[in-house]
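What the coordinates show
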Amino acid sequence: MSEAPRASGAAALAHEASAEHRPVLVIDFGAQYAQLIARRVRECRVYSEIVPHDVPAAEVAARNPVGIILSGGPASIYEPGAPSVDPGLFELGVPVLGICYGMQAMAAALGGDVANTGVGEFGKTPVRLGSDSLLFGDLPSEQTAWMSHRDSVVRPPAGFAGTAASDTTPVAAMEDRVRGLFGVQFHPEVAHTPRGTDILRHFVLDACQAPPTWTALQFIEEQVDLIREQVGDDQVICALSGGVDSAVAALLVHRAVGDQLTCVFVDHGLLRKDEAAQVVEAFDDHFKVPLRHVDASERFLAALAGVTDPEQKRRIIGEQFIRLFEDEARGLGDVRFLVQGTLYSDVIESGSRTAAKIKSHHNVGGLPEDMDFELVEPLRLIFKDEVRRVGTELGLPEGMVWRQPFPGPGLAIRIIGDVTRERLDVLRDADAVLLEEIRRAGLYDKLWQSFAILPAIRSVGVQGDSRTYAYPIVLRAVTSEDAMTADWARLPYDVLERISSRIINEIPGVNRVALDISSKPPATIEWE
Ligand code: XMP
């Protein structure tokens, strides 16, 4: 039972998952946009994956892509060390679309000219589309597009025609229909380019001729086969958190190997109010999957005592989780596999070679190296919205499918500084009030996340005739599509007022409520 985690196993799964679907590969030049591009392509029901820009053309060819997209990136083409594109990519005989930096890299690689013209474009920009373009099809000529560039293609390579222009950028798009090569200076993947998804759809379905076969049902069937193949006759243990990710992962594995799966729900004492009871009830009622409920709050709190560094909290919680599962597994006999609900966005944020590491999510980066399990991660290649679609297809109740995300390390990373029982109780009660009022106002489903934070400060107040010296609570509510970027939610004043007065009146130890009005970036959604 003691084997290192199979990183190569996960990679092998990635390849197998796409064997039936020739992928559109997104070559990542370091843009936070690469993920969004892949998601948009998948919305066209075509499988898409992200690969680092330094992967050689031969390796890209080995993946048998149906098309290639070169993402944007922060560099300037001619600066020393700027990532370049392997010219071999243009010889693979599959269509290539370059976006922003990707278009410039394509132009430079094929003999065109890119220059800093002294006039960049940032934000929503009017562009005029040409009428003879495969990429733009019959879209109306006047469009708004999201631009973010200083450099521009000033002379397209031989064989290319300019297909769009803005006031300051004569070559805002270009294409070589014969070779199936396309470039757009703007970002079709962002919502600020209203017809951007149509443009990507034209590339994927018309230029690449990819069949739109990537659906939740297909995914389920393929994963069930893959899980059976990976697990064989061995025993599997699954960490259930109550969130949609681990629930969907568990159901997929249960569908694949039935009773070989044992689900364990670890209550680390860092959950929201009544959450443990709800999880146990939901699993008994809805899934009929046997569930072991382990109350490990003492153990987690002891390990966290005195720890204030966020990354250390994550590491400790990740490690405790695994040790606990190892103990549980030992009690169950010979368990070889551990199911985790790791998502593609966790994988990218924790390990991409090009994007800066932001936080080590405990279910990926925080795993101890000497772990005793091999991992089964059936969601490793899909995004949150896809997980929800798969969950619905599997028959998960709506309430679980649409539950707002909750981080694995739980309230520990919403309590700044020391995590103690007393502070947990304060935060848990405040969070419950906030969620109750958000639900009552019909806002729960409209928000990506809404929760309370407990900072490590106290402030002076007055209650009755007495001076208080107590904690503030910070309210955090954000809208987001994928947690990579987020905007603070404009909650109605009357809802804020109710939340504030209830928290201050009902929760001893709190005398002030503040509202976080930061977007991501530059802030993150969680405070730690
Ligand atoms: P940030 O704070 O990085 O969060 O903007 C992005 C999304 O990830 C969740 N999150 C985590 N989830 N383990 C998790 O399972 C973690 O350590 C962790 N940190 C953040 C966060 O709630 C948000 O949805």
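Placed above this text is the structure.
Criteria and thresholds
Residues numbered from 1 in each chain as written. Predicted model: local features only at pLDDT ≥ 70, side-chain atom pairs only at ≥ 80, totals over all residues. Heavy atoms only, no water. Phe/Tyr/Trp six-rings, centres within 6.5 Å; stacked < 30°, edge-to-face > 60°. Helix = DSSP H or I, 4+ residues; strand = E, 2+ residues; numbered from the N terminus. Buried < 20%, exposed > 50% of the residue type's maximum accessible area, 1.4 Å probe, protein only. Lys NZ or Arg CZ within 6 Å of the ring centre and 35° of its normal. Pairing = 2+ DSSP bridges. Axes fitted to C-alpha atoms, helices over the stretch in contact; angles between N-to-C directions. Contact = heavy atoms within 4.5 Å. 1 Å grid on protein atoms, 1.4 Å probe; cavity = no way out; pocket = protein on both sides within 12 Å on 5 of 7 lines; lining within 4 Å. Points joined across faces, edges and corners; volume = space filled by probe spheres on them. Nonpolar A, V, L, I, M, F, W, Y, C, P; charged D, E, K, R; others polar. Domains from an automatic or database assignment. Left-handed = near helix turned anticlockwise from the far one by under 90°.

**Side note on the packing of aromatic side chains**
We describe a pair of aromatic rings using the distance from one ring centre to the other and the angle between the two ring planes. Scanning the entire structure with this criterion turns up seven aromatic pairs. Each ring, one from Tyr-47 and one from Trp-214, has its centre 4.5 Å from the other, and the planes form 55 degrees; the classification is tilted. Within this pair, whereas Tyr-47 is found in the loop between α2 (34-43) and β2 (48-52), its partner Trp-214 is found in the loop between α5 (196-207) and α6 (216-231), the two being separated by 167 residues in sequence. Looking at Tyr-47, the relative accessible area reads 1%, which means it is buried. The rings of Tyr-47, Trp-214 and Phe-219 are connected pair by pair, giving a single aromatic cluster. In this structure, Arg-439 packs its charged tip against the face of Tyr-444, placed 4.2 Å from the ring centre. The aromatic ring of Tyr-471 is capped on one face by Arg-458, whose charged end is 4.5 Å from the ring centroid.

**Some thoughts on the sheet that holds strand β11 (residues 261-267)**
Pairing is parallel in the open sheet, where five strands are placed in the order β12-β11-β10-β13-β14. Of all the strands in the sheet, the pair left with one neighbour each is β12 (291-295) and β14 (374-376). Pairwise comparison of adjacent strand axes, ignoring direction, gives a mean angle of 30 degrees for this sheet. Bridge analysis of strand β10 (residues 235-240) against strand β13 (residues 335-339) gives four bridges, and the strand direction is parallel. Within β13, the residue paired with Cys-238 across the bridge is Val-339.

**Brief notes about helix α4 (residues 101-109)**
The buried count for α4 comes to seven of nine residues, which makes it a mostly enclosed element. Of all the positions in α4, only Tyr-101, Gly-102, Met-103, Gln-104, Ala-105, Met-106 and Ala-107 are classed as buried. Packed against the buried residues of α4 are β3 (67-70), β4 (96-99), β5 (113-129), β6 (142-155), β8 (173-176) and β9 (181-184). The first or second residue beyond α4 is Gly-111, which carries a positive phi of 95 degrees.

**Points about the layout of surface pockets**
Approximately 670 Å³ is the volume attributed to the second largest pocket. If you go around the second largest pocket, you meet 24 residues; those closest to its centre are Leu-36, Thr-485, Ala-486, Lys-520 and Pro-521. By residue class, the composition of the lining of the second largest pocket is 11 nonpolar, seven polar and six charged. Mapped onto the domain boundaries, the lining of the second largest pocket takes at least three residues apiece from domain 1 (23-207) and domain 3 (420-515).

**Remarks on the packing of α6 against helix α7 (residues 244-257)**
Where α6 meets α7, the closest approach of the two axes is 8 Å, and the angle between their N-to-C directions is 65 degrees. Judged by the twist between their axes, the crossing of α6 over α7 is right-handed. Residues Phe-219, Ile-220, Gln-223, Val-224, Ile-227, Arg-228 and Val-231 of α6 form the contact with α7, whose participating residues are Leu-252, Val-253, Arg-255, Ala-256 and Val-257.

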